[in-house]
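# Structure at a glance
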Amino acid sequence: MIWLGAGLGAVYLPILRAWASKDLEYQAYALIEAANSETRVLLPGAMATGTTGFFWAVAAEYNFVRDGWLGALTLSFIVVYLVCLPLLGFGLRRARLAVLIARRDGKTDELADVLADRVPIVFGTILVLSVPFMAWLAIFKPF
């Protein structure tokens, strides 16, 4: 879970800095940094969290049907990390590609259009908000 949190911080903070800045060069740098951190830290952290959580549930002999909180946790993990995480990655890769093309060709109009897209910030926010919710489900087992 710590690895996942580090990955979210390494990706989400540069995204926020990129959209808060008006400087196109700084936005480009921040989005490239976020895209690199997504593949190097966030994706492995999400995979490790899901894998260790599954083995923890099996070792503790929890049942997905009998323990409703585990079913809800599994469903939220599937939705968040198999839907939101890839969409965040697609948005970051699109932005990184636009930055590289704009640097090569010197065209900033297309880059400004891509940077106006809010896909990475929306799905990054969903990911950041999902971690406390899933931790709450795992710790307190409400139902």
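Look up a bit, the structure's there.
Residues numbered from 1 in each chain as written. Predicted model: local features only at pLDDT ≥ 70, side-chain atom pairs only at ≥ 80, totals over all residues. Heavy atoms only, no water.

Let us now look at unusual backbone geometry. Positive phi, close to 60°, is recorded for Glu61, a residue that is not glycine. Tracing the backbone through its elements, the reader meets Glu61 in the loop between helix H2 (24-59) and helix H3 (68-105). Glu61 gets classed as exposed once you look at its relative accessible area, which sits at 65%. (Helix = DSSP H or I, 4+ residues; strand = E, 2+ residues; numbered from the N terminus. Buried < 20%, exposed > 50% of the residue type's maximum accessible area, 1.4 Å probe, protein only.)

Time to look at the layout of surface pockets. If you add up the space inside the largest pocket, you get close to 430 Å³. Thr49, Gly50, Gly53, Leu73 and Phe77 are, among the 18 residues lining the largest pocket, the residues nearest its centre. Elements with a contribution of two residues or more to the lining of the largest pocket: H2, H3 and helix H5 (119-140). Looking at the lining of the largest pocket, the element that brings in the most residues is H2, giving seven residues. (1 Å grid on protein atoms, 1.4 Å probe; cavity = no way out; pocket = protein on both sides within 12 Å on 5 of 7 lines; lining within 4 Å. Points joined across faces, edges and corners; volume = space filled by probe spheres on them.)

This part covers the nonpolar core. Among the nonpolar cores identified, the biggest contains 37 residues, and Ile15, Tyr81, Leu88, Leu92 and Leu127 are the most heavily contacted of them. Secondary structure elements with two or more residues in this core: helix H1 (2-20), H2, H3, helix H4 (109-115) and H5. The residues touching Leu92, leaving out its near neighbours within four places in the chain, are Val11, Ile15, Leu31, Ala34, Ala35, Glu38 and Pro120. (Core = buried A, V, L, I, M, F, W, Y, C linked by side-chain atoms within 4.5 Å. Contact = heavy atoms within 4.5 Å.)

A few words now on a nonpolar patch on the surface. Side chains of Leu75, Ile78, Val79, Leu82, Val83, Leu87 and Phe90 sit close together on the surface and give an oily, nonpolar patch of about 640 Å² of accessible area. The topology assignment puts Leu75 in helix H3. We classify Leu75 as exposed; its relative accessible area is 55%. (Patch = residues over 30% accessible without salt bridge, like charges linked within 9 Å, V, L, I, M, F, W, Y side chains within 5 Å. Areas by Shrake-Rupley, 256 points an atom, 1.4 Å probe, with all protein chains shown as cover. Salt bridge = Lys/Arg side-chain N within 4 Å of Asp/Glu carboxyl O.)

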